[in-house]
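# Analysis of the macromolecular model
Next come the chains, spelled out residue by residue.
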Number of protein chains: 2
Amino acid sequence: MKENRIYNFNPGPAALPLPVLEEIQAGFLNFAGSGMSVTEISHRSKWFDEVAEDAIARCKRLLKLDDNYQVLFLQGGASMQFCMIPMNLLPDGKSADYVNTGTWSAKAIKEVGILGKKCSVVASSEDKNFSYIPKNIPFNADAAYVHITSNNTIKGTQWAQFPDTGDVPLISDMSSDIMSRPFDVRPFGLIYAGAQKNIGPAGVCMVIIRKDMLERVPASLPTMLKYTTHADKNSMFNTPPCFAVYTLQLVLKWLEETVGGLDKMAAINRKKAEIIYGLLDSSDFYRGTAEKDSRSEMNVTFRLPDEELEKVFIQDSADAGFGGLKGHRSVGGCRASVYNATGTDAVEALVAFMKEFEKKKG
Amino acid sequence: MKENRIYNFNPGPAALPLPVLEEIQAGFLNFAGSGMSVTEISHRSKWFDEVAEDAIARCKRLLKLDDNYQVLFLQGGASMQFCMIPMNLLPDGKSADYVNTGTWSAKAIKEVGILGKKCSVVASSEDKNFSYIPKNIPFNADAAYVHITSNNTIKGTQWAQFPDTGDVPLISDMSSDIMSRPFDVRPFGLIYAGAQKNIGPAGVCMVIIRKDMLERVPASLPTMLKYTTHADKNSMFNTPPCFAVYTLQLVLKWLEETVGGLDKMAAINRKKAEIIYGLLDSSDFYRGTAEKDSRSEMNVTFRLPDEELEKVFIQDSADAGFGGLKGHRSVGGCRASVYNATGTDAVEALVAFMKEFEKKKG
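Since this is a predicted model, take the numbers as computed values, not measurements. (Residues numbered from 1 in each chain as written. Chains lettered and ligands numbered in written order. Predicted model: local features only at pLDDT ≥ 70, side-chain atom pairs only at ≥ 80, totals over all residues. Heavy atoms only, no water.)

### Focus on the overall build of chain A
Quick note on the threshold: Numbering of helices and strands runs from the N terminus, with a helix taken as a DSSP run of H or I at least four residues long and a strand as a DSSP run of E at least two residues long. Every radius of gyration here is taken over C-alpha atoms, with the globule rule written as 2.2 Å times N^0.38, N being the number of residues. Here the term buried applies to any residue with accessible area under 20% of the maximum for its type, exposed to any over 50%, and partly exposed to those in between, with areas from a 1.4 Å probe on protein chains only. Residue contacts are defined here by distance: any two heavy atoms, one from each residue, within 4.5 Å place the two residues in contact. Using a 1.4 Å probe, the Shrake-Rupley method yields the accessible areas, and only the shown protein chains count as cover for residues. Only four residue types enter the charge count, namely Lys and Arg as positive and Asp and Glu as negative; His and the chain termini do not. For charged residues, the charge sits on one atom: NZ in Lys, CZ in Arg, CG in Asp, CD in Glu.
The helix and strand inventory of chain A stands at ten helices and 14 strands. The C-alpha atoms of chain A give 21 Å as radius of gyration, which agrees with the globular expectation for 362 residues (21 Å, within 12%). The principal-axis extent of the C-alpha atoms belonging to chain A is close to 65 × 55 × 30 Å. Per-residue burial for chain A yields a buried fraction of 64% across its 362 residues. Considering only intrachain contacts with a sequence separation of at least 6, the fraction spanning at least 24 residues in chain A is 67%. As displayed, chain A offers around 13400 Å² of accessible surface, 48% of which is attributable to carbon and sulfur atoms. Taking the average place of the 41 positive charges on the side chains of chain A and the average place of its 43 negative ones, the gap between the two points comes to 1 Å.

The following block contains the structure:
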């Protein structure tokens, strides 16, 4: 820890790499020799052009995106995508397949109905309190798309492998695990991610869209709700959330240049997850809530023997400099979110604290 | 100027008060003793609650809003409001009145048509290249609302007084003059302002809505596009653009505590405008483009004798440390945007530079 900073296990907004924060701070009154703060430069200036172009180029390199994919920076978070996706990509008369793996999937499904469009919930893990990722899903070959949530922050589950949907394009909310591991993007028609967990601060949603999907966009939609509006103008139809895009750019630079890319990031994340799940598995005091083959490497959800102890654990851990360990208000319990920027050192310190806590209270 | 900072006349994103930038910078690695950057704290933490509540309270005090008004922080900029307003507030079968005073008004009008709803353009200044604000407008007494653009950044015009629309609620895009002067909010059903000109960085749009307007919101809209969603959850339905809200809060604090409120801000802005329009009026070299009674105190648009000289002026001024003086790409010419955070000292320095330039080239 540095300058009285805590170990940050927040579920989002979440930890950012310290070198990124330090770079922002150092140049905050005079960005890149512009004589202005990054918050004061025009979005149509050479300075911001370089930021946005570099962010896009790094995203494309990190995810190995070819020119069939366009990277957009939109506003409204993943929640806005829940309605934009069916508005843009689900033609009347067609149906889309949705997999329900928890709160965020359910919210995405709800918007399809509000729009008066059709979807099938082809699989759900609601029967076991969303503690697992469904397998052997009967996808519809004529679906407009298949929507999944790659990582479920609240229930602590994650798709270890993405499902085979044949020719039907996959769409995924990757808000909480984008850039945490490499994957084959080719089955995906659209990927979206609110930045505030793994790639930046709140206020920008990265949308990666395959160009054939853009052909589906109805001409009749309001301008700001059409993917084509933003694709045609390279996310500059109106003023983008410049500071959030700038921070995201620095996070991707850190991922490429300091971490060394997604293979290395994935190895680090796997190690972090092993350390903390290792403790859960070897303990009778702590109990993981997700089924083992569906465990998230990003959000480790666990319970203590009773709720009273959980309260004490959350308070004591906060006092000891560990932030954000309270489970989501809808499920209770505890959760350690270990996104890219939460280092192995933080995880090791947490596990040491947890062992000590068990010794005292177990 | 400080630390090689320039005089910033950008039209938006634009200058922010230096003390605000310095406060952000100083606490950037450890916000309010949280041990985290303001970009890393949870939007549901006590730290962010205080930020958001303080921003709302300051907005209410500065604009003298009573409890009939709610202050929201939304994403998507003013451009998203262009469609949200008719979606939410223009019932089928009714018509709204729009006044067309330039590019941004026209964009707002366009969205009504895209939605298949009805409006009347009850006045337009297009006949004289949008160089004036229309007078004696024949508003419809049964209109759902009257929409105006209080300040037109591109053409440099501003409503000196707001029109009397009787019982019909006024709606205004105030992106470029919100908080630049006091005004009577009571005729307004909704006011919206992309923050990046007068009150913050890009990435947050402040929406002030009167509670009776919320009763119009159709239940059938997508969740994120309903004002009621955001009003019911006090702008916390999903993760807000935290950093932009925080910066906005500090700008409003500066307005209240350092400037001393909107009467004082208005007096400063009037003085700044007088200095620069005074030069235009006394010169045969520089020529203001807006009619005198419609001049904007925020965006001073002017021409030089020819386009070649304008190019030289823009280049020479940039070399001398004055940024953002190029007119909007759709109209050419020159423009000095003198929002709240661009001080009298900057305006005086600009006028001195302009006099010198005229001497050399005139």
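### Examining the packing of aromatic side chains
All names here are of chain A. Here is the rule we go by: Two aromatic rings, drawn from Phe, Tyr or Trp (for Trp, its six-membered ring), form a pair once their centres lie within 6.5 Å of each other, and the interplanar angle then sorts them: stacked below 30 degrees, edge-to-face above 60, tilted otherwise.
With the rule as written, the count across this model stands at 42 aromatic pairs over all chains. An angle of 25 degrees between the planes, with centres 5.3 Å apart, marks the rings of Tyr 7 and Phe 322 as stacked. Linking Tyr 7 in strand β1 (residues 7–8) with Phe 322 in strand β13 (residues 322–323), this pair joins segments that are 315 residues apart in sequence. Like Tyr 7, the residue Phe 322 is buried in the burial classification. Seen from their ring centres, Phe 82 and Tyr 192 are 6.2 Å apart, and the 80 degrees between their planes marks the pair as edge-to-face.

### Examining empty space enclosed by the protein
Applicable threshold: Every definition here rests on a 1 Å grid over the protein atoms only: cavities are sets of points where a 1.4 Å probe fits but cannot get out, pockets are open sets enclosed by protein on both sides within 12 Å along at least five of seven lines, and lining residues have some atom within 4 Å of a point. Grid points are joined across faces, edges and corners, and a volume is the space filled by probe spheres set on the points. Classification convention: Asp, Glu, Lys, Arg as charged; Ala, Val, Leu, Ile, Met, Phe, Trp, Tyr, Cys, Pro as nonpolar; all other residues, Gly among them, as polar.
A full pass over the atoms with the stated rule returns ten cavities of 30 Å³ or more. Roughly 120 Å³ of volume is contained in the largest cavity. Taken together, 16 residues make up the lining of the largest cavity; nearest its centre are Leu 74, Gln 75, Met 224, His 230 and Asn 238 of chain B. Elements supplying a minimum of two residues to the lining of the largest cavity: β2 (69–74) and α3 (77–89) of chain B. Considered class by class, the residues forming the lining of the largest cavity number nine nonpolar, seven polar and no charged. Along its surface, the second largest cavity is lined by Phe 73, Leu 74, Gln 75, Met 84, Met 224, His 230, Ser 235, Asn 238, Pro 240 and Pro 241 of chain A together with Gly 76 and Met 80 of chain B. Of the residues assigned to the lining of the second largest cavity, the class counts are seven nonpolar, five polar and no charged.

### A look at the sheet that holds strand β10 (residues 205–210) of chain B
Residues and elements named next belong to chain B. Inclusion rule: When DSSP finds two or more bridges between a pair of strands, those strands are recorded as paired. The convention used is that axes are lines fitted to C-alpha atoms, helices contributing only their stretch in contact, and that angles between N-to-C directions extend from 0 to 180 degrees.
Taking strand neighbours across the sheet as the criterion, the seven strands line up as β2-β10-β9-β8-β5-β3-β4 in an open arrangement whose pairing is mixed. Two strands lie at the open edges of the sheet, namely β2 and β4 (118–124), each paired on one side alone. Ignoring which end each strand starts from, the neighbouring axes of this sheet average 20 degrees apart. As defined by bridge partners, strand β5 (residues 146–149) adjoins strand β8 (residues 170–173) across four bridges and the pair is classed as parallel. When the bridges of β8 are listed, His 147 appears paired with Ile 171. Set on the sheet, α3 makes contact with β2, β3 (95–100), β5, β8, β9 (188–194) and β10; between it and β9 the angle comes to about 155 degrees. On the sheet, helix α4 (residues 103–114) packs against β3, β4, β5 and β8 and is oriented at approximately 160 degrees with respect to β3.

### A word on the packing of helix α1 (residues 18–26) of chain A against helix α7 (residues 242–259) of chain A
Residue and element names in this part refer to chain A. For the record, the criterion: Roughly parallel covers angles under 35 degrees, roughly antiparallel covers those over 145, roughly perpendicular covers 65 to 115, and oblique covers all other angles. Here a crossing is called left-handed whenever its near helix is offset anticlockwise from the far helix by less than a right angle, and right-handed whenever the offset is clockwise.
Between α1 and α7, the shortest axis-to-axis distance is 9 Å and the interhelical angle comes to 135 degrees. As summarised for this structure, α1 and α7 are arranged oblique, according to the angle between their axes. Between α1 and α7 the crossing geometry is right-handed. Judged by residue contacts, Pro 19, Val 20, Glu 23 and Ile 24 of α1 engage Phe 243, Tyr 246, Thr 247, Leu 250, Val 251, Lys 253 and Trp 254 from α7. A breakdown of the residues in the contact of α1 with α7 according to their chemical character gives eight nonpolar, one polar and two charged.

### Notes on the relation of the copies chain B and chain A
Which entries qualify depends on this criterion: Superposing the copies works by least squares over the C-alpha atoms of residues that have pLDDT at least 70 in both of them.
In screw terms, the move from chain B to chain A is a rotation of 180 degrees and a rise of 0.0 Å along the axis, fitting with an RMSD of 0.0 Å. These values place the two chain copies in the arrangement generated by a two-fold rotation axis. In this assembly the copies share their binding face: 100% of the residues contributing to the interface of chain B also contribute to that of chain A.

### Some points on the domain arrangement of chain A
Residue and element names in this part refer to chain A. Short version of the rule: The domain boundaries here were taken from an automatic or database domain assignment. Here the quantity called buried area is the accessible surface, traced with a 1.4 Å probe, that two parts lose on coming together, added over both. Here a salt bridge means any side-chain nitrogen of Lys or Arg lying within 4 Å of a carboxyl oxygen belonging to Asp or Glu. Polar contact criterion, stated in full: a pair of N or O atoms within 3.5 Å, where within protein one must be able to donate a hydrogen and the other to accept it, and residues adjacent in sequence count only if both atoms are side-chain atoms.
Considered domain by domain, chain A is made up of domain 1 (21–259) and domain 2 (261–361). Opposite the 29 residues of domain 1 that make contact, domain 2 presents 27 residues. Each partner contributes to the roughly 2100 Å² buried at the junction of domain 1 and domain 2, and carbon and sulfur atoms together form 54% of this total. Considering only the surface of domain 1 that becomes buried against domain 2, Ile 154, Gln 158 and Val 259 emerge as the three largest contributors, covering 24% of it. Summed over the shared surface of domain 1 and domain 2, the result is two salt bridges. Across the domain 1-domain 2 interface, the total number found is 14 residue pairs in polar contact (both at pLDDT 80 or more). Here the element with the most residues in the side of domain 1 that touches domain 2 is α7; it accounts for four residues.

### Describing helix α2 (residues 46–63) of chain A
All names here are of chain A. Convention followed: One less than the number of residues in a helix, times 1.5 Å, gives the span that helix is expected to have. Here the arc refers to the set of directions running from the helix axis out to each C-beta atom.
Compared with the 26 Å implied by 1.5 Å per residue over 18 residues, the 26 Å span of α2 between its first and last C-alpha is a close match. Among the residues making up α2, those that are buried are Phe 48, Val 51, Ala 52, Ala 55, Ile 56, Arg 58, Cys 59, Leu 62 and Leu 63. The buried residues of α2 occupy an angular sector of 165 degrees when projected down its axis, which confines them to one face. Those residues of α2 that are exposed and angled more than 90 degrees off the buried face are Lys 46 and Glu 50.

### Looking at the interface of chain B and chain A
Counting from both sides, the interface comprises 60 residues of chain B and, opposite them, 60 residues of chain A. Here chain B meets chain A over a buried area of about 4800 Å², counting both sides, of which 59% is carbon and sulfur. It is Gln 25, Leu 29 and Glu 40 of chain B that lose the most area in chain B upon contact with chain A, and together they represent 15% of the buried surface on that side. Our count for the contact surface shared by chain B and chain A stands at two salt bridges. Between Glu 40 of chain B and Arg 5 of chain A there is a salt bridge, and its shortest N-O distance comes to 2.8 Å. For the pair chain B and chain A, the interface holds 21 residue pairs in polar contact (both at pLDDT 80 or more). In terms of residue class, the side of chain B that touches chain A is built from 29 nonpolar, 22 polar and nine charged.

### Some points on the environment of Ala 108 of chain A
Residues and elements named next belong to chain A. In this fold, Ala 108 is placed in helix α4 (residues 103–114). For Ala 108, a relative accessible area of 1% corresponds to the buried category. Distance from Ala 108 to Ile 85, taken between C-alpha atoms, is 9.0 Å for residues 23 residues apart in sequence. Residues contacting Ala 108, with those up to four places away along its chain left out, are Phe 82, Tyr 98 and His 147.

### As for the nonpolar core
Defined as follows: Among buried residues, the Ala, Val, Leu, Ile, Met, Phe, Trp, Tyr and Cys ones that are joined through side-chain atoms within 4.5 Å form a nonpolar core.
In terms of nonpolar packing, the biggest core is built from 124 residues, with Met 179 of chain A together with Met 179 of chain B touching the most fellow members. With residues up to four places along the chain from it excluded, the contact list for Met 179 of chain B reads Cys 59, Leu 62, Leu 63, Ile 199, Met 206, Leu 252, Leu 255, Leu 262, Met 265 and Asn 340 of chain B. One finds Ala 78, Val 112, Ala 144 and Phe 237 of chain B within the second-largest nonpolar core, a separate group that totals 65 residues.

### Description of α1 of chain A
Along α1 of chain A, the positions that sit buried rather than exposed are Val 20, Leu 21, Ile 24 and Gln 25 of chain A. Projected down its long axis, α1 of chain A shows its buried positions confined to an angular sector of 130 degrees, all on one face. Structurally, α1 of chain A contributes buried residues whose contacts are with α7 of chain A together with α1 (18–26) of chain B.

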